[in-house]
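Tertiary structure, described
Each chain, written out:
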Amino acid sequence: MIPLASIPTLHTERLTLRGPTEADLDVFAAFYASERSSFVGGPLPREQAYRILMQEAGHWQLKGFGRFSLVEKDTGATVGIVGLWNPVGFPENELGWDLFDGASGKGYATEAGAAVRAYAYSTLGWTTLISMIADGNEASVRVAKRLGARPDGTFTHERFGPMEIWRHPAPKEASNE
């Protein structure tokens, strides 16, 4: 077997952020089958949700960074995916988040987003980071604002269309929040 990229595990007060695994398929499939996934290409059938799960894991292997599955410490439930992303065609490295059914309104995206941004700046040495948000995704705009990000133009994604670019504070500014 080819060794896989070492995916770190991060911890926040309420969440464990770990690499995506095949055990996440059922929650991924439920998310991508629902209208909640409309801002990220859904709804989609289970087979395509499986491909997305595999691409999330593969991003770690090819890029050395990626998105984490969010696990509630209290329940052990996988409640979303948050992390770093930069596939072909993106303007630069992105911090993105998707919360699964029942996880919204708890501050999980903000809590995990802050931890991942700190990891990007302190461990990976990045100096800038954006979040791209689909037009009309007001919940994600609220998360970006809570993380201190500011509007910084637009980007037209070849499949998803126009997206707002939200620029995160630089490392020194982010550490003062």
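This write-up is about the structure you can find in this document. As the structure is a computational prediction, the values presented were derived from the model and not from experiment.

**Some thoughts on the pairing of strand β7 (residues 150-157)**
- One ladder, built from 6 bridges, connects β7 with strand β8 (residues 161-167); its direction is antiparallel. The partner of His157 across the bridge, within β8, is Gly161.
- Between the end of β7 and the start of β8, which pair antiparallel, lie 3 residues.

**Things to note about unusual backbone geometry**
- In this structure, Pro43 follows Gly42 across a cis peptide bond, with omega equal to -5 degrees.
- Positionally, Pro43 belongs in the loop between α1 (25-33) and α2 (46-63).

**Concerning the packing of α1 against α2**
- Following both chains from N to C, one finds α1 and α2 inclined at 120 degrees, their axes separated by 9 Å at the closest point. Taken together, the axis directions place α1 and α2 in an arrangement best described as oblique. For the element pair α1 and α2, the recorded crossing hand is right-handed. Residues Leu25, Asp26, Phe28, Ala29 and Tyr32 of α1 form the contact with α2, whose participating residues are Arg46, Ala49, Tyr50, Ile52, Leu53 and Glu56.
- Taken together, the residues of the contact of α1 with α2 break down into 8 nonpolar, no polar and 3 charged.

**Things to note about the packing of aromatic side chains**
- With the rule as written, the count across this model stands at 8 aromatic pairs.
- Aromatic side chains Phe65 and Trp126 sit 4.8 Å apart centroid to centroid with 90 degrees between the ring planes, which places their arrangement in the edge-to-face category. With Phe65 in the loop between α2 and β3 (67-72) and Trp126 in the loop between α3 (108-122) and β6 (130-134), the pair connects residues that are 61 residues apart, well separated along the chain. Assigned by exposure class, Phe65 and Trp126 land together as buried.
- Taken together, the ring pairs connect Phe28, Phe31, Tyr32 and Phe100 into an aromatic cluster.
- Cation over ring: Arg67 sits above Trp85, and NZ or CZ is 6.0 Å from the ring centre.

**Observations concerning helix α4 (residues 138-146)**
- Restricting attention to buried positions, one finds in α4 the residues Ser140, Val141, Val143 and Ala144. Down the axis, α4 shows its buried residues gathered within 160 degrees of arc, on one side only. Opposite the buried face of α4, at more than 90 degrees from it, the exposed residues are Lys145 and Arg146.
- At its buried positions, α4 is contacted by β5 (94-99), α3, β6 and β8.
- The positive-phi residue at the C-terminal boundary of α4 is Gly148, with phi of around 85 degrees.

**Here we look at the side chain of Ser131**
- Within the secondary structure layout, Ser131 lies in strand β6.
- There is a polar contact of 2.6 Å between the side chain of Ser131 and the backbone oxygen of Leu95.
- A polar contact is formed between the side chain of Ser131 and the side chain of His168, at a distance of 2.7 Å.
- When neighbours within four sequence positions are excluded, Ser131 is seen to be in contact with Glu94, Leu95, Trp97, Glu164, Ile165, Trp166 and His168.

**Things to note about the pairing of strand β4 (residues 78-85)**
- Of all 8 residues making up β4, 8 are buried, and the element is well covered by its neighbours.
- Sheet analysis places β3 next to β4, joined by 5 bridges and oriented antiparallel. Note on β4: the bridge partner recorded for Arg67 is Gly83.
- Taking the residues that link successive antiparallel strands as the turn, the β3-β4 hairpin has 5 residues, and the phi of Gly76 there is positive, at about 80 degrees.
- Here β4 runs beside β5; their pairing, made up of 6 bridges, is antiparallel. In the sheet register, Leu84 faces β5, and the bridge partner there is Leu95.

The rules we used
Residues numbered from 1 in each chain as written. Predicted model: local features only at pLDDT ≥ 70, side-chain atom pairs only at ≥ 80, totals over all residues. Heavy atoms only, no water. Pairing = 2+ DSSP bridges. Helix = DSSP H or I, 4+ residues; strand = E, 2+ residues; numbered from the N terminus. Axes fitted to C-alpha atoms, helices over the stretch in contact; angles between N-to-C directions. Parallel < 35°, antiparallel > 145°, perpendicular 65-115°, else oblique. Left-handed = near helix turned anticlockwise from the far one by under 90°. Contact = heavy atoms within 4.5 Å. Nonpolar A, V, L, I, M, F, W, Y, C, P; charged D, E, K, R; others polar. Phe/Tyr/Trp six-rings, centres within 6.5 Å; stacked < 30°, edge-to-face > 60°. Buried < 20%, exposed > 50% of the residue type's maximum accessible area, 1.4 Å probe, protein only. Lys NZ or Arg CZ within 6 Å of the ring centre and 35° of its normal. Arc of directions from axis to C-beta. Polar contact = N/O pair within 3.5 Å; in protein donor to acceptor, adjacent residues only side chain to side chain.

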